[in-house]
Amino acid sequence: LYESMGYRRFKMSRFEEYALYLENEKFLPAGGIVTFPGKGGKLLALKPDVTLSILRSVSGERLPKRIYYNENVYRCDRSGELREIRQTGLEYVGEAGIEAMGEVTALACESLAALDGGYILDLSHMGLVTALLGESGLGAAAQEEALRLIGGKNSHELRRLMRRSGADEEKTELLCALAVFSGSFEEALAGAGRFAVCPAAGAALGELRALARVLGGVADLSHIRLDFSIVNDMSYYNGLIFRGYLPGLPEGILAGGQYDNLARRLSGAPGAIGFAVYADMLEKPGAGREYL
């Protein structure tokens, strides 16, 4: 599937220099990094992530670059146990315009469809979420807490936080509405105009509308939902983000989005967008025989 769209496979070692992860720790998933000494005294680490290595590898090369991978990553869970996680995914490194967004989102849909025709892909836009948080009048720490509450669709606690922080009632209700706003892509998008309260929010909604037009010709929109509770780290993701689900699995099996800030930092590229399928979830108890 990926090779048919011009993506080329990226292979990497089980480990990288620890310095790469230390310098970009805030962009990594939660969990400890397993380190060990290498030759010459350099500290090495079992790779907890593939994206960082891909971005570093394309620094200075002609863009765009279309890359896919099938790799194991290693992360420690909350109990400190080392986990080996199988990931299959892709990265589009270059200007992440509407066409690139449409290409990657359509491939996310096709990846899920290859596993189960009953998939759902939830879309959100961090540009919209961060714009409304910026308009809320909350301080940085309160914005981070609000982001966590939006991710949990916890409008009750979000309302308490906003009022405790002195936000006016109109902004409070708007952010609470955002936290629970979801529906089929086209229908929900038609009703999302209420959130265009500033130029940045309007621009984010404009991107989603343009994406809907692009996807209309290459994907089945009945499998796509708009859900603004799909959020992530504001320092990592800056635009479109998505999460994919399969019947019988309690958690999302696909996650990704646009991460221009990280791309500029590591490769000098103007942007990047990609996703990962957590293939190890297909073997978990309760996944269903169809995945084994």
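Residues take numbers from 1 onward in each chain, read along the sequence in its written order. Per-residue local features are limited, in this predicted model, to residues with pLDDT of at least 70; the limit for side-chain atom pairs, both in listing and counting, is 80 or more; totals at the level of whole chains, interfaces and linings are taken over all residues. Processing note: side-chain calculations cover all non-hydrogen atoms of the structure and skip hydrogens and water entirely.

Caption draft 1: Quick look at the sheet that holds strand β4 (residues 43–46). Only strands that DSSP links by at least two bridges are regarded as paired with each other. Numbering of helices and strands runs from the N terminus, with a helix taken as a DSSP run of H or I at least four residues long and a strand as a DSSP run of E at least two residues long. Taken together, three strands build an open sheet; the order of strands is β2-β4-β3 and the sheet is antiparallel. Both outer strands of the open sheet, β2 (15–17) and β3 (35–37), are each paired with one neighbouring strand and no more. Each strand of the sheet is rotated relative to its neighbour by a mean of 35 degrees, with strand direction disregarded. By the bridge criterion, three bridges tie β3 to β4 in an arrangement that is antiparallel. Within β4, the residue paired with Phe-36 across the bridge is Leu-44. Interaxial angle, 0 to 180 degrees, is taken between N-to-C directions of lines fitted to C-alpha atoms, where a helix line uses only the stretch in contact.

Caption draft 2: Fine view of the packing of aromatic side chains. Aromatic contacts are taken between Phe, Tyr and Trp rings whose centres are within 6.5 Å, Trp giving its six-membered ring; a plane angle under 30 degrees counts as stacked, one over 60 as edge-to-face, and the others as tilted. With the rule as written, the count across this model stands at eight aromatic pairs. When the centroid spacing of 5.6 Å and the interplanar angle of 85 degrees are considered together, the rings of Phe-15 and Phe-36 count as edge-to-face. Taken together, the residues span a long stretch of sequence, with Phe-15 in strand β2 and Phe-36 in strand β3 at a distance of 21 residues. Each residue's exposure class comes from its accessible area (1.4 Å probe, protein chains only) as a fraction of the maximum for that residue type: buried when under 20%, exposed when over 50%, partly exposed otherwise. Exposure remark for Phe-15: the relative accessible area of 38% places this residue in the partly exposed category.

Caption draft 3: Just the state of the cysteines, in detail. Disulfides are defined as pairs of cysteine sulfur atoms found within 2.5 Å of each other. Counted by the stated rule, this structure contains zero disulfides. You can see Cys-198 has no disulfide; the closest cysteine sulfur is in Cys-176, sitting 17 Å from it.

Caption draft 4: Region of the structure containing the environment of Glu-71. Mapped onto the elements, Glu-71 comes out in strand β5 (residues 65–76). Judged by relative accessible area, which is 5%, Glu-71 ranks as buried. Separated by 101 residues in sequence, Glu-71 and Thr-172 have C-alpha atoms that sit 43 Å apart. Each residue touching Glu-71, except ones within four places of it in the same chain, is listed here: Phe-10, Lys-11, Met-12, Lys-47, Val-50, Ile-85, Arg-86 and Gln-87. By the criterion applied in these results, polar contacts are pairs of N or O atoms within 3.5 Å in which, for protein atoms, one can donate a hydrogen and the other can accept it, and in which residues neighboring in sequence qualify only through two side-chain atoms. At 3.3 Å, the side chain of Glu-71 forms a polar contact with the side chain of Lys-47. Contacts between residues were defined by any pair of non-hydrogen atoms, one from each residue, lying within 4.5 Å.

Caption draft 5: Broad picture of helix α3 (residues 98–115). Helices are assigned an expected span. That span is 1.5 Å times one less than the residue count. Compared with an ideal rise of 1.5 Å per residue, which puts 18 residues at 26 Å, α3 spans 26 Å between its outermost C-alpha atoms and is within 8% of the ideal. The set of residues buried in α3 consists of Ala-100, Met-101, Gly-102, Glu-103, Val-104, Thr-105, Ala-106, Leu-107, Ala-108, Cys-109, Ser-111 and Leu-112.

Caption draft 6: Region of interest: the side chain of Glu-16. Looking at the element boundaries, Glu-16 is found in strand β2. Within the structure, the side chain of Glu-16 is placed 2.7 Å from the side chain of Ser-53, a separation counted as a polar contact. Ignoring sequence-local partners within four residues, the contact set of Glu-16 consists of Tyr-21, Leu-44, Ala-45, Ser-53 and Arg-56.

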